[in-house]
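# Structural overview for review
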Amino acid sequence: MKTIGVLTSGGDSPGMNTALRSIVRTCAHYKIKCVGIVRGYSGLIEDNTKVLNTRSVRGIINEGGTFLYSARCDEFRQATGREKAYKTLRNNNIDGLIVIGGDGSFTGATKLEDEFNFPVIGIPGTIDNDIYGTSHTLGYDTALNTVMDAIDKIRDSAISHDRLFFVEVMGKDAGYIALRSGIAIGAQEILIPEVNTKIKDLTNSLKNSKKSGKTSSIIVVAEGYKPEKNVYQIADEIQEKLPNYQVRVSVLGHIQRGGRPSCFDRVLGTQLGVRAVESLIDGNYGKMVGINNGKITLTELSKAIKGKTKINKDLLRISQIMNT
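Throughout what follows, the structure given in this document is the object of discussion. (Residues numbered from 1 in each chain as written. Predicted model: local features only at pLDDT ≥ 70, side-chain atom pairs only at ≥ 80, totals over all residues. Heavy atoms only, no water.)

## A word on the packing of aromatic side chains
- If you walk through the whole model with that rule in mind, you get three aromatic pairs.
- Aromatic side chains Tyr-41 and Phe-76 sit 4.1 Å apart centroid to centroid with 20 degrees between the ring planes, which places their arrangement in the stacked category. With Tyr-41 in helix 2 (residues 40–46) and Phe-76 in the loop between strand 3 (49–52) and helix 3 (79–91), this pair connects stretches of sequence that are 35 residues apart.
- Using a relative accessible area of 5% as the deciding quantity, one classes Phe-76 as buried. (Phe/Tyr/Trp six-rings, centres within 6.5 Å; stacked < 30°, edge-to-face > 60°. Helix = DSSP H or I, 4+ residues; strand = E, 2+ residues; numbered from the N terminus. Buried < 20%, exposed > 50% of the residue type's maximum accessible area, 1.4 Å probe, protein only.)

## Overview of the sheet that holds strand 8 (residues 217–222)
- Spatially, the four strands line up as an open sheet ordered 7-8-6-9, and their pairing is parallel. The two strands at the open ends of the sheet, each matched to only one other strand, are strand 7 (189–191) and strand 9 (246–251). Across the sheet, the axes of successive neighbouring strands diverge by a mean angle of 20 degrees, strand direction being ignored.
- As judged from the six bridges shared by strand 6 (residues 163–169) and strand 8, these two strands associate in the parallel manner. Residue pairing for strand 8: Glu-168 is matched across the bridge by Val-221.
- With respect to the sheet, helix 5 (residues 140–161) is in contact with strand 6, strand 8 and strand 9, its orientation differing from that of strand 6 by roughly 165 degrees. (Pairing = 2+ DSSP bridges. Axes fitted to C-alpha atoms, helices over the stretch in contact; angles between N-to-C directions. Contact = heavy atoms within 4.5 Å.)

## As for the packing of helix 3 against helix 4 (residues 103–116)
- As a packed pair, helix 3 and helix 4 sit with axes 11 Å apart at the nearest point and diverge in direction by 80 degrees. Classified by the angle their axes make, helix 3 and helix 4 are roughly perpendicular. Between helix 3, through Arg-82, Glu-83, Tyr-86 and Leu-89, and helix 4, the contact on the second element is made entirely by Lys-111, Leu-112, Glu-115 and Phe-116.
- Partitioned by chemical class, the residues of the contact of helix 3 with helix 4 number four nonpolar, no polar and four charged. (Parallel < 35°, antiparallel > 145°, perpendicular 65-115°, else oblique. Nonpolar A, V, L, I, M, F, W, Y, C, P; charged D, E, K, R; others polar.)

## Remarks on the sheet that holds strand 4 (residues 96–101)
- Ordered by their spatial adjacency, seven strands build an open sheet running 3-2-1-4-5-10-11, and the pairing between neighbours is mixed. The open sheet terminates on both sides in strands that have one partner only, identified here as strand 3 and strand 11 (295–300). Pairwise comparison of adjacent strand axes, ignoring direction, gives a mean angle of 30 degrees for this sheet.
- Here five bridges tie strand 1 (residues 3–8) to strand 4, and the two strands are oriented parallel to one another. Paired with Gly-5 across the two strands is Leu-97, which belongs to strand 4.
- On top of the sheet, helix 1 (residues 16–29) reaches strand 1, strand 2 (33–37), strand 3, strand 4 and strand 5 (120–124); it is set at about 165 degrees to strand 4, its chief contact.

Right under this line is the structure:
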């Protein structure tokens, strides 16, 4: 490995800049040239690249987002687009590529590996924490803390006005953010895609809490809880059944993606960046670098994409006990 390329793809997540810094500095340590691809796979197709050195990544360890920018790229889904991307890699004498992103980004990486026999390594960067082969994806911990802080503020208003708040958090296919943040803030109920909580059960829970003297509540809802209904429709349904409640909805949206990465994500991003570069040097590619039981691990990219993550059943049990 004389030259290593790196790109960020898909949705941004806190800690991506930390990982980029780690990759660049690790390359410098091993006397390897590092080339950054600007705007993900779109930049790879357009040959939008720049050489990175330790000065390029100065002061970004604590910054959210990604200084290489990110973009969705439909052209890369086509064989002609991937051919252009491969030519960019060859024209820049890049010997291996590190892709920071989610399962869609990893799918693109495996295409490069399969079609052109090109060495790739993946780093899981997504706040949803829905990548198989790692207990934590880059940005997940920061997102949890952002959500917790936001809901703590919403609770102040809920208590002051005796209101029932439905707070929607990200998680189209997985309820990791909703479950952990819901436990952390003491939510009345937590609604996630993995559990089919019926409206009737939710209504009964709220009725029981009302009887016990509780006048305000927080319901944390993962955005993918009911694909056929959005959080406003769910709130309206509850309002009809419980007219004595003042029901409000708060959608946290993209504030969950932003902000300075937490200590955990800064350390994790640094660890993953070092291991990604060293794996390419060792010829151990076609893998995703992750963390399990506190140790940095490697998982086949194909397994990381196709594998099914499982929600923590013990946390589900605990959340039910807390809702008593």
